[in-house]
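Listed here are the chains, written in short residue letters.
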Amino acid sequence: MLQELETNTELKNALLNSSNVVILTGAGISAESGVPTFRDKEGLWKKYRPEELANADAFMQNPQLVWEWYQWRRRLIHDVKPNPGHYALAEMEKLYPNFTLVTQNVDGLHREAGSSNVVELHGNIRRNKCFDCGKFVEVPDLDLQETPKCESCGGLIRPDVVWFGEMLPADAINLAFNVSRACDLFISVGTSALVHPAASLPVMAMQGGAYVLEVNPNATAITPSVDHTFYAPSGEILPDIVKFVKENRNQ
Ligand code: APR
(Lines give C-alpha, C1' and ligand atoms only; values in the text may rest on other atoms or scores of the structure.)
Protein backbone atom coordinates (compact mmCIF):
# COMPACT_ATOMS: atom_id res chain seq x y z
CA MET A 1 0.00 0.00 0.00
CA LEU A 2 1.27 3.47 -0.71
CA GLN A 3 3.06 5.09 2.19
CA GLU A 4 1.65 8.53 1.35
CA LEU A 5 -1.91 7.23 1.69
CA GLU A 6 -1.27 6.50 5.36
CA THR A 7 0.92 9.45 6.33
CA ASN A 8 -0.35 12.39 4.25
CA THR A 9 -3.48 13.49 6.15
CA GLU A 10 -4.49 16.14 3.58
CA LEU A 11 -4.33 13.56 0.79
CA LYS A 12 -6.16 10.97 2.90
CA ASN A 13 -8.88 13.48 3.81
CA ALA A 14 -9.32 14.56 0.18
CA LEU A 15 -9.69 10.96 -1.04
CA LEU A 16 -12.00 9.85 1.78
CA ASN A 17 -14.20 12.90 2.37
CA SER A 18 -14.68 14.52 -1.06
CA SER A 19 -18.10 14.50 -2.72
CA ASN A 20 -17.46 16.24 -6.06
CA VAL A 21 -14.63 14.57 -7.94
CA VAL A 22 -13.23 15.39 -11.39
CA ILE A 23 -10.67 13.28 -13.20
CA LEU A 24 -8.73 14.59 -16.21
CA THR A 25 -6.97 11.95 -18.28
CA GLY A 26 -4.45 12.19 -21.09
CA ALA A 27 -2.64 9.75 -23.35
CA GLY A 28 -0.58 8.42 -20.43
CA ILE A 29 -3.47 6.40 -19.03
CA SER A 30 -3.65 4.42 -22.28
CA ALA A 31 0.13 3.92 -22.51
CA GLU A 32 -0.07 0.63 -20.53
CA SER A 33 -2.66 -0.56 -23.06
CA GLY A 34 -0.02 -0.15 -25.78
CA VAL A 35 -1.32 3.14 -27.20
CA PRO A 36 1.57 5.54 -27.90
CA THR A 37 1.41 8.92 -26.20
CA PHE A 38 2.09 12.12 -28.15
CA ARG A 39 5.15 13.62 -26.46
CA ASP A 40 7.00 10.76 -24.80
CA LYS A 41 10.23 9.55 -26.33
CA GLU A 42 8.41 7.01 -28.53
CA GLY A 43 5.39 9.32 -28.85
CA LEU A 44 3.37 10.03 -31.98
CA TRP A 45 4.76 13.54 -32.25
CA LYS A 46 8.31 12.20 -32.42
CA LYS A 47 7.58 10.71 -35.86
CA TYR A 48 5.29 13.43 -37.16
CA ARG A 49 4.72 17.10 -36.39
CA PRO A 50 1.16 17.91 -35.27
CA GLU A 51 1.16 20.77 -37.78
CA GLU A 52 1.60 18.25 -40.59
CA LEU A 53 -1.25 16.00 -39.62
CA ALA A 54 -3.67 16.92 -36.84
CA ASN A 55 -5.16 20.06 -38.37
CA ALA A 56 -7.69 21.08 -41.01
CA ASP A 57 -5.16 22.80 -43.31
CA ALA A 58 -3.03 19.65 -43.47
CA PHE A 59 -6.16 17.66 -44.27
CA MET A 60 -7.19 20.03 -47.07
CA GLN A 61 -3.66 20.05 -48.51
CA ASN A 62 -3.18 16.31 -48.28
CA PRO A 63 -6.34 14.46 -47.22
CA GLN A 64 -4.80 11.13 -48.21
CA LEU A 65 -1.81 11.47 -45.82
CA VAL A 66 -3.99 12.58 -42.91
CA TRP A 67 -6.63 9.92 -43.59
CA GLU A 68 -3.99 7.16 -43.79
CA TRP A 69 -2.38 8.36 -40.54
CA TYR A 70 -5.70 8.10 -38.71
CA GLN A 71 -6.41 4.71 -40.29
CA TRP A 72 -2.99 3.61 -38.99
CA ARG A 73 -3.86 4.92 -35.50
CA ARG A 74 -7.25 3.22 -35.64
CA ARG A 75 -5.66 -0.10 -36.57
CA LEU A 76 -3.21 0.43 -33.72
CA ILE A 77 -6.00 0.85 -31.15
CA HIS A 78 -8.37 -1.65 -32.75
CA ASP A 79 -7.07 -4.55 -30.65
CA VAL A 80 -5.95 -2.68 -27.52
CA LYS A 81 -7.86 -3.18 -24.32
CA PRO A 82 -8.41 -1.02 -21.26
CA ASN A 83 -5.74 -1.49 -18.58
CA PRO A 84 -6.07 -1.56 -14.74
CA GLY A 85 -5.93 2.25 -14.69
CA HIS A 86 -9.07 2.53 -16.85
CA TYR A 87 -10.85 -0.12 -14.78
CA ALA A 88 -9.87 1.58 -11.52
CA LEU A 89 -11.49 4.86 -12.69
CA ALA A 90 -14.64 2.95 -13.67
CA GLU A 91 -14.68 1.56 -10.11
CA MET A 92 -13.91 4.96 -8.59
CA GLU A 93 -16.97 6.48 -10.25
CA LYS A 94 -19.16 4.40 -7.89
CA LEU A 95 -17.43 5.65 -4.74
CA TYR A 96 -18.41 9.35 -4.96
CA PRO A 97 -21.80 11.11 -5.24
CA ASN A 98 -20.62 13.37 -8.09
CA PHE A 99 -17.89 12.02 -10.34
CA THR A 100 -16.96 13.32 -13.81
CA LEU A 101 -14.28 11.78 -16.01
CA VAL A 102 -12.97 14.31 -18.52
CA THR A 103 -10.65 12.84 -21.13
CA GLN A 104 -8.45 14.27 -23.86
CA ASN A 105 -8.11 10.78 -25.28
CA VAL A 106 -9.94 9.73 -28.44
CA ASP A 107 -9.44 5.96 -28.04
CA GLY A 108 -12.77 5.21 -26.33
CA LEU A 109 -11.06 3.00 -23.68
CA HIS A 110 -12.74 4.65 -20.67
CA ARG A 111 -16.23 3.69 -21.87
CA GLU A 112 -14.96 0.26 -22.82
CA ALA A 113 -13.72 -0.16 -19.22
CA GLY A 114 -17.19 0.71 -17.89
CA SER A 115 -16.94 4.43 -17.07
CA SER A 116 -20.32 6.02 -17.77
CA ASN A 117 -19.96 9.74 -17.07
CA VAL A 118 -17.21 10.41 -19.67
CA VAL A 119 -16.65 13.83 -21.27
CA GLU A 120 -14.63 13.44 -24.51
CA LEU A 121 -13.00 16.85 -25.03
CA HIS A 122 -11.16 15.93 -28.23
CA GLY A 123 -13.75 13.64 -29.88
CA ASN A 124 -13.43 9.96 -30.67
CA ILE A 125 -11.14 8.46 -33.30
CA ARG A 126 -13.56 5.58 -33.90
CA ARG A 127 -16.18 8.04 -35.27
CA ASN A 128 -16.02 9.75 -38.69
CA LYS A 129 -17.90 12.73 -40.11
CA CYS A 130 -18.12 14.74 -43.31
CA PHE A 131 -15.66 17.66 -43.34
CA ASP A 132 -18.26 19.84 -45.11
CA CYS A 133 -21.73 18.97 -43.81
CA GLY A 134 -20.69 17.37 -40.49
CA LYS A 135 -22.84 14.25 -41.05
CA PHE A 136 -21.58 11.26 -39.09
CA VAL A 137 -20.46 8.40 -41.32
CA GLU A 138 -19.77 4.77 -40.52
CA VAL A 139 -16.42 3.63 -42.03
CA PRO A 140 -15.91 0.05 -40.85
CA ASP A 141 -12.96 -0.73 -43.18
CA LEU A 142 -9.77 0.10 -41.29
CA ASP A 143 -7.69 -0.69 -44.36
CA LEU A 144 -9.50 1.77 -46.60
CA GLN A 145 -6.67 3.94 -47.94
CA GLU A 146 -8.78 6.19 -50.13
CA THR A 147 -10.28 9.17 -48.25
CA PRO A 148 -14.02 8.38 -48.51
CA LYS A 149 -16.55 10.92 -49.72
CA CYS A 150 -19.83 11.93 -48.07
CA GLU A 151 -22.85 10.38 -49.80
CA SER A 152 -25.00 13.39 -48.95
CA CYS A 153 -22.82 16.26 -50.15
CA GLY A 154 -19.68 14.74 -51.69
CA GLY A 155 -17.44 16.29 -49.01
CA LEU A 156 -14.37 14.49 -47.69
CA ILE A 157 -14.77 12.22 -44.65
CA ARG A 158 -12.55 12.97 -41.64
CA PRO A 159 -12.16 11.49 -38.14
CA ASP A 160 -14.45 13.04 -35.52
CA VAL A 161 -11.54 14.39 -33.48
CA VAL A 162 -10.69 17.97 -32.56
CA TRP A 163 -7.71 19.22 -34.56
CA PHE A 164 -5.27 21.92 -33.55
CA GLY A 165 -6.90 25.32 -34.08
CA GLU A 166 -10.44 23.89 -33.95
CA MET A 167 -13.05 24.58 -31.28
CA LEU A 168 -13.76 21.84 -28.75
CA PRO A 169 -17.37 20.60 -28.53
CA ALA A 170 -19.01 23.48 -26.60
CA ASP A 171 -21.14 21.29 -24.33
CA ALA A 172 -18.12 19.15 -23.40
CA ILE A 173 -15.73 21.98 -22.53
CA ASN A 174 -18.38 24.03 -20.71
CA LEU A 175 -19.32 21.02 -18.59
CA ALA A 176 -15.62 20.39 -17.90
CA PHE A 177 -15.12 24.04 -16.85
CA ASN A 178 -18.14 23.98 -14.55
CA VAL A 179 -17.34 20.73 -12.73
CA SER A 180 -13.64 21.65 -12.38
CA ARG A 181 -14.48 24.99 -10.75
CA ALA A 182 -16.90 23.34 -8.30
CA CYS A 183 -15.10 20.13 -7.36
CA ASP A 184 -13.33 19.37 -4.09
CA LEU A 185 -11.00 16.72 -5.52
CA PHE A 186 -9.36 16.95 -8.96
CA ILE A 187 -7.05 14.19 -10.20
CA SER A 188 -4.90 14.78 -13.30
CA VAL A 189 -3.82 11.44 -14.78
CA GLY A 190 -1.33 10.82 -17.59
CA THR A 191 -1.28 14.22 -19.20
CA SER A 192 1.61 16.61 -19.87
CA ALA A 193 -0.89 19.42 -19.11
CA LEU A 194 0.42 21.45 -22.05
CA VAL A 195 -2.57 21.66 -24.39
CA HIS A 196 -5.33 24.18 -23.63
CA PRO A 197 -8.13 24.44 -22.80
CA ALA A 198 -7.81 21.04 -21.05
CA ALA A 199 -4.65 22.22 -19.30
CA SER A 200 -6.61 25.02 -17.63
CA LEU A 201 -8.94 22.57 -15.84
CA PRO A 202 -6.55 21.75 -12.94
CA VAL A 203 -5.87 25.47 -12.53
CA MET A 204 -9.61 26.15 -12.30
CA ALA A 205 -9.89 23.39 -9.71
CA MET A 206 -7.07 24.93 -7.65
CA GLN A 207 -8.73 28.36 -7.88
CA GLY A 208 -11.97 26.77 -6.70
CA GLY A 209 -10.20 25.44 -3.61
CA ALA A 210 -10.04 21.78 -4.68
CA TYR A 211 -7.34 19.34 -3.60
CA VAL A 212 -5.41 18.62 -6.81
CA LEU A 213 -3.65 15.28 -7.15
CA GLU A 214 -1.49 14.22 -10.10
CA VAL A 215 -0.62 10.71 -11.31
CA ASN A 216 2.30 10.66 -13.75
CA PRO A 217 5.70 8.92 -13.78
CA ASN A 218 7.21 12.26 -14.85
CA ALA A 219 6.92 15.85 -13.70
CA THR A 220 4.65 18.03 -15.82
CA ALA A 221 3.74 21.69 -16.30
CA ILE A 222 1.38 21.55 -13.29
CA THR A 223 3.54 19.47 -10.91
CA PRO A 224 4.90 22.53 -9.09
CA SER A 225 1.37 23.76 -8.29
CA VAL A 226 -0.56 20.58 -7.42
CA ASP A 227 -1.04 19.36 -3.85
CA HIS A 228 0.54 15.95 -4.44
CA THR A 229 2.02 13.92 -7.30
CA PHE A 230 2.26 10.14 -7.39
CA TYR A 231 5.28 9.53 -9.65
CA ALA A 232 4.04 6.21 -10.93
CA PRO A 233 2.26 4.60 -13.89
CA SER A 234 -1.53 5.05 -13.58
CA GLY A 235 -2.13 1.31 -14.14
CA GLU A 236 -0.23 0.61 -10.92
CA ILE A 237 -1.29 3.47 -8.66
CA LEU A 238 -4.99 3.96 -9.45
CA PRO A 239 -6.01 0.45 -8.33
CA ASP A 240 -4.15 1.09 -5.03
CA ILE A 241 -5.97 4.40 -4.54
CA VAL A 242 -9.37 2.81 -5.22
CA LYS A 243 -8.59 -0.06 -2.83
CA PHE A 244 -7.58 2.44 -0.14
CA VAL A 245 -10.81 4.46 -0.54
CA LYS A 246 -12.98 1.34 -0.52
CA GLU A 247 -11.33 0.08 2.66
CA ASN A 248 -11.28 3.40 4.55
CA ARG A 249 -14.26 5.47 3.36
CA ASN A 250 -17.05 6.14 5.93
CA GLN A 251 -14.80 5.03 8.77
N1 APR B 1 0.80 6.41 -16.53
C2 APR B 1 0.57 7.74 -16.35
N3 APR B 1 1.12 8.69 -17.12
C4 APR B 1 1.96 8.29 -18.10
C5 APR B 1 2.25 6.92 -18.35
C6 APR B 1 1.63 5.97 -17.51
N7 APR B 1 1.86 4.65 -17.65
N8 APR B 1 3.12 6.85 -19.39
C9 APR B 1 3.35 8.13 -19.79
N10 APR B 1 2.67 8.98 -19.01
C11 APR B 1 2.60 10.45 -19.08
C12 APR B 1 3.83 11.12 -19.64
O13 APR B 1 4.78 11.37 -18.62
C14 APR B 1 3.23 12.44 -20.17
O15 APR B 1 3.26 13.45 -19.16
O16 APR B 1 1.56 10.77 -19.98
C17 APR B 1 1.79 12.08 -20.47
C18 APR B 1 1.44 12.09 -21.95
O19 APR B 1 1.57 13.41 -22.40
P20 APR B 1 1.23 13.74 -23.94
O21 APR B 1 1.88 12.73 -24.82
O22 APR B 1 1.51 15.21 -24.13
O23 APR B 1 -0.34 13.46 -24.07
P24 APR B 1 -1.53 14.41 -23.60
O25 APR B 1 -1.17 15.17 -22.38
O26 APR B 1 -2.73 13.58 -23.56
O27 APR B 1 -1.66 15.43 -24.85
C28 APR B 1 -2.74 16.33 -24.80
O29 APR B 1 -2.21 17.00 -27.07
O30 APR B 1 -1.55 16.34 -29.18
C31 APR B 1 -2.63 16.74 -28.42
O32 APR B 1 -4.87 16.17 -28.82
C33 APR B 1 -3.67 15.64 -28.37
O34 APR B 1 -5.12 15.02 -26.52
C35 APR B 1 -3.77 15.29 -26.88
C36 APR B 1 -3.25 16.55 -26.20
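See above for the structure.
Notes on the structure follow. (Residues numbered from 1 in each chain as written. Predicted model: local features only at pLDDT ≥ 70, side-chain atom pairs only at ≥ 80, totals over all residues. Heavy atoms only, no water.)

1. A few points about the sheet that holds strand β6 (residues 157-161)
Operational definition: We treat two strands as partners when DSSP finds at least two bridges between them. Secondary structure elements are taken from DSSP: a helix is a run of H or I of four residues or more, a strand is a run of E of two residues or more, and numbering for both begins at the N terminus. Whether two residues are in contact is decided by their heavy atoms: any pair within 4.5 Å suffices. Convention adopted: a line fitted to C-alpha atoms gives each axis, helices being fitted over their contacting stretch, and angles between N-to-C directions are expressed from 0 to 180 degrees.
Strand order across the open sheet formed by 3 strands is β5-β4-β6, with antiparallel pairing between neighbours. A strand with exactly one partner marks an edge of an open sheet, and here the two such strands are β5 (136-137) and β6. In the sheet, strand β4 (residues 123-130) pairs with β5 via 2 bridges, with the strands oriented antiparallel. Among the inter-strand pairings, N128 is bridged to a residue of β5, identified as V137. Sheet contacts for helix α7 (residues 63-78): β4 and β6; angle to β4, the most-contacted strand, approximately 140 degrees.

2. A few points about the packing of helix α2 (residues 9-17) against helix α12 (residues 234-248)
Heads up, the rule is: An angle below 35 degrees is read as roughly parallel, one above 145 as roughly antiparallel, one from 65 to 115 as roughly perpendicular, and any other as oblique.
Close contact between α2 and α12 brings their axes to 9 Å; oriented N to C, the two are set at 75 degrees. In this view, α2 runs roughly perpendicular relative to α12, as classed from their interaxial angle. On α12, the residues touching K12, L15 and L16 of α2 are I241, F244, V245 and N248.

3. A closer look at the environment of L24
How we decide: Accessible area is worked out with a 1.4 Å probe on protein chains only. A residue is then buried under 20% of its type maximum, exposed over 50%, and partly exposed in between.
Note that L24 resides in strand β1 (residues 20-25). Looking at L24, the relative accessible area reads 2%, which means it is buried. Counting along the chain gives 166 residues from L24 to G190, while the straight-line C-alpha distance between them is 8.4 Å. Discounting chain neighbours no more than four positions away, the residues touching L24 are V102, Q104, F186, I187, S188, V189, T191, A198, L201 and P202.

4. As for the environment of R111
Note the cut-off: Any pair of N or O atoms that falls within 3.5 Å is considered a polar contact. Within protein, one atom must be able to donate a hydrogen and the other to accept it, and sequence-neighbouring residues count only if both atoms are side-chain atoms.
Looking at the secondary structure, you find R111 in helix α9 (residues 109-112). With a relative accessible area of 44%, R111 lands in the partly exposed category. It is 8.4 Å that separates the C-alpha atoms of R111 and A90, two residues lying 21 residues apart in sequence. Polar contacts involving the side chain of R111 include one to the main-chain carbonyl oxygen of V118, which spans 3.2 Å.

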